[in-house]
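Close look at the chain arrangement
One letter stands for each residue in the lines below.
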Amino acid sequence: MNTTQTEALIAMVAVLGLFVLMVAPAVIGILRDRRIDRQIRRAEAAPVAEPPDTRAASRPEHRAASHHHARAA
């Protein structure tokens, strides 16, 4: 293997490396989108259960004592 062939091999490896660096983010994004789409399809196909009434449980009763305390002087 002479110098010209070695330089060509190094250049080819460098170009392939740059190509991988440029294409990798796009491939990762495509795979991520496919995974999210799969999760959405699975969630749409799942039976929907009624959530518990958390609104009433999270609100204090209307006549409940206030939790505000007077500041010490």
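Each remark here, short or long, concerns the structure printed above.
Along each chain, numbering runs from 1 in the same order as the chain's sequence is written. Since the coordinates come from a predicted model, pLDDT governs what is reported: local features require at least 70, and pairs of side-chain atoms require 80 or more to be given and counted, while whole-chain, interface and lining totals use all residues. The basis for every side-chain value is the complete set of non-hydrogen atoms in the structure, without hydrogens or water.

Take the overall build of the chain next. Numbered from the N terminus, helices here are DSSP runs of H or I no shorter than four residues, and strands are runs of E no shorter than two. From N to C terminus, the chain includes two helices and zero strands. Three exposure classes are used, based on accessible area relative to the maximum for each residue type with a 1.4 Å probe and protein chains only: buried under 20%, partly exposed in between, and exposed over 50%. The burial tally for the chain puts 0% of its 73 residues in the buried class. In the form shown here, the chain has an accessible surface area of approximately 7600 Å², with 63% of it arising from carbon and sulfur atoms. Shrake-Rupley sampling with a 1.4 Å probe provides the accessible areas, and residues are treated as covered by the protein chains on show and by no other component.

With that settled, consider a positive patch on the surface. Positive charge collects at one region of the surface, where Arg32, Arg34, Arg35, Arg38, Arg41 and Arg42 lie side by side. Overall, the relative accessible area of 54% leaves Arg42 in the exposed class. A residue counts toward a patch only above 30% relative accessible area and without a salt bridge, and it is joined to like-charged neighbours within 9 Å or, for Val, Leu, Ile, Met, Phe, Trp and Tyr, to nonpolar neighbours within 5 Å. Any Lys or Arg side-chain nitrogen located within 4 Å of an Asp or Glu carboxyl oxygen qualifies as a salt bridge. The charge count treats Lys and Arg as positive and Asp and Glu as negative. His and the chain ends do not count. Charged side chains are reduced to one point each, which is NZ for Lys, CZ for Arg, CG for Asp and CD for Glu.

A cluster of nonpolar residues, Phe19, Val20, Met22, Val23, Val27 and Leu31, forms a patch on the protein surface that exposes about 600 Å² of accessible area. Mapped onto the elements, Val23 comes out in helix α1 (residues 3–45). The exposure class assigned to Val23 is partly exposed, which follows from its relative accessible area of 31%.

Taking 1.5 Å per residue as the helical rise, α1 with its 43 residues ought to reach 63 Å, and the 62 Å between its terminal C-alpha atoms agrees with that figure. Approximately 35 degrees is the largest bend angle found in α1, and it occurs at Val23, with the proline Pro25 only one to four residues beyond. A helix's residues, less one, multiplied by 1.5 Å, set its expected span. Bend is computed residue by residue as the angle between axes fitted to the seven residues ending at the residue and the seven residues starting at it.

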